[in-house]
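These are the residues of each chain, in order.
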Amino acid sequence: MLPSSFAYVAPTTVDEAVQALAAGGGDAKVVAGGQSLLPMMKLRLAAPGTLVDINGIAGLDVLEEADGMLRIGALVRHGDLERSALVRDRYPIIHDAARHIADPLIRNRGTFCGSIAHGDPAGDWATVASALNAELHAVGPDGPAVHSARDFQTGMFETRLGLDQVLVEARIPQPVAGQGSAYLKVERKVGDYAAAAVGVVVVLDGDTVTEAGIGLTNVGPLTIDAAAAAASLVGRSIDDAAALEEAGRLAMEASDPPSDLRGPAEYKQDLVRVLTKRALRTAGARARGEQA
Amino acid sequence: MGDKTVVTVTVNGEEHEALIEPRLLLVHLIRESLHLTGTHIGCDTSSCGTCTVLLDGRPVKSCTVLAVQANGRAVSTVEGLEGPDGLHPVQEGFKEEHGLQCGYCTPGMMMTSVALLAENPDPSEQEIREAISGNLCRCTGYVNIVKAVQYAAAKEGVTA
Ligand SMILES: Cc1cc2nc3c(=O)[nH]c(=O)nc-3n(C[C@H](O)[C@H](O)[C@H](O)COP(=O)(O)OP(=O)(O)OC[C@H]3O[C@@H](n4cnc5c(N)ncnc54)[C@H](O)[C@@H]3O)c2cc1C
Ligand code: FES
Ligand code: FES
């Protein structure tokens, strides 16, 4: 299966990439890892007239902490995050998710930013970015633009990213004292998208939750920011079973999964409830340094 | 639109130039332009991993990479494994441990295994199973594939 014909541009700077997108007039698309776009093009579900390959742009593979933020450049692959000691030690939610995205071969190509730009509610990274309250830094013809990961997705495969914008990097606030996080995913097999997955971040003062973020994957038409569930935890003890149960229930109520091959809606909703509680317990333990 | 372009790709250490359409997939460049048919196409939907080759040392699904994206880069395929002293330890492992039946998945399995051992010369069974989890085998049940990789790890450990 070959994609339809397209013009191929391989810019070496972000500005050139932006110009190439503008020249393509809405019919041009960025290709990063190509692990979502190329399968769609092979099936002729997508047929961009121009492909703007950003793989030759130097510096987009940045993965480092600077100015209080973790910078994840547009060419950082899932596998880079999986193998990073910095990520493993300081951002356990990212490490958890990286190990369960797609399969190891896809992980050597697919990118964190490409997954978020794709706008797929089944994508794991958009959930992680939402739970961590990431900033998404884009560049377009009018210059830079910053989007919040919490309301980035606007529809199925639709985001706030303009057709002529390149998502250059995601920036994630560095962990504060007392922070813990976790990502839990139930998948039918390696390489499948989540039946349901939950990402949580908590900040504890002693046992008391002072801040929380909860994201849900593949249980509705959008990546879900379960803000009410997260807010319900603030001021309560992470060891309070009733508080966790309530957060699980509120997360479940925020979800709206379809019944499909991955299971009936009721099953997925209950997964959300249970995974939220479990992820909170793991994140709490990690916040107190009780568990790697 | 879609104008042909010249790419230079180093395959198994040898530089090749080809005039290709941008939509050509890497697997087709390898199989049809370079006639290296050891790399197989199984699903063509990015699922099975039998098309696995190493791109700058990392295993990728060559049905999901454009040939133009390999321009200026190094590709390794199963044909490059055998050396002047005979079979690569991974190939020997698959032979000795009966790591294949029909052999369709084998080139991809071997390339993934070679990359695993380059990064982690002494993997646990779990690490081997995780590394090959993107390569599907319809025949063996994987048990002997794991043994084949363990054989290669032991053998490479002796020579290293
Ligand atoms: C078999 C299989 C299993 C998978 N399983 C999972 C899974 O379990 N979980 C999961 O989350 N994903 C999964 N994926 C998808 C994979 O993670 C992709 O890598 C990811 O969705 C897209 O990232 P990419 O870099 O490959 O983007 P591409 O495919 O290159 O692009 C995807 C879209 O985003 C746009 N885009 C990409 N980068 C940018 C940028 N920097 N700026 C602007 N636009 C951009 C492209 O124009 C395109 O529209 C799977 C894929 C396959 C083939
Ligand atoms: S042919 Fe490439 S993954 Fe199956
Ligand atoms: S040996 Fe037949 S598919 Fe693996």
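Residues numbered from 1 in each chain as written. Chains lettered and ligands numbered in written order. Predicted model: local features only at pLDDT ≥ 70, side-chain atom pairs only at ≥ 80, totals over all residues. Heavy atoms only, no water.

**Brief notes about the packing of aromatic side chains**
Residues and elements named next belong to chain A.
In step 1: Under the counting rule described, the total for this entry stands at 1 aromatic pair over all chains.
In step 2: Taken together, a centroid distance of 4.8 Å and an interplanar angle of 45° make the contact between F112 and W125 tilted. One end of the pair, F112, is in helix α7 (residues 112-118); the other, W125, is in helix α8 (residues 124-131), with 13 residues separating them in the sequence. As far as burial versus exposure is concerned, F112 and W125 are alike and both buried. (Phe/Tyr/Trp six-rings, centres within 6.5 Å; stacked < 30°, edge-to-face > 60°. Helix = DSSP H or I, 4+ residues; strand = E, 2+ residues; numbered from the N terminus. Buried < 20%, exposed > 50% of the residue type's maximum accessible area, 1.4 Å probe, protein only.)

**Looking at the domain arrangement of chain B**
Residues and elements named next belong to chain B.
In step 1: Domain boundaries in chain B define domain 1 (5-77) and domain 2 (89-154).
In step 2: Computed from C-alpha atoms alone, the centre-to-centre distance between domain 1 and domain 2 is 21 Å.
In step 3: At the junction of the two partners, domain 1 supplies 16 residues and domain 2 supplies 13 residues.
In step 4: Here domain 1 meets domain 2 over a buried area of about 990 Å², counting both sides, of which 58% is carbon and sulfur.
In step 5: Joining domain 1 to domain 2, the criterion identifies 1 salt bridge.
In step 6: The partner of R58 in a salt bridge is E119, with the nearest N and O atoms 3.0 Å apart. (Domains from an automatic or database assignment. Contact = heavy atoms within 4.5 Å. Buried area = accessible area lost by both parts, 1.4 Å probe. Salt bridge = Lys/Arg side-chain N within 4 Å of Asp/Glu carboxyl O.)

**Side note on the site of ligand 1**
Residue and element names in this part refer to chain A.
In step 1: Residues in close proximity to ligand 1 total 32 residues, the closest being V30, S36, L37, T111 and D124.
In step 2: Between ligand 1 and G34, the relevant distance is 2.7 Å, taken from an oxygen atom to a main-chain nitrogen or oxygen of the residue.
In step 3: At a separation of 2.7 Å, a nitrogen atom of ligand 1 approaches a polar side-chain atom of D124.
In step 4: Burial of ligand 1 by the surrounding chains reaches 94%, relative to a free accessible area of 970 Å².
In step 5: Secondary-structure elements contributing two or more residues to the shell around ligand 1 are β2 (28-31), α7 and β10 (166-173). (Near = heavy atom within 4 Å. Polar contact = N/O pair within 3.5 Å; in protein donor to acceptor, adjacent residues only side chain to side chain. Areas by Shrake-Rupley, 256 points an atom, 1.4 Å probe, with all protein chains shown as cover.)

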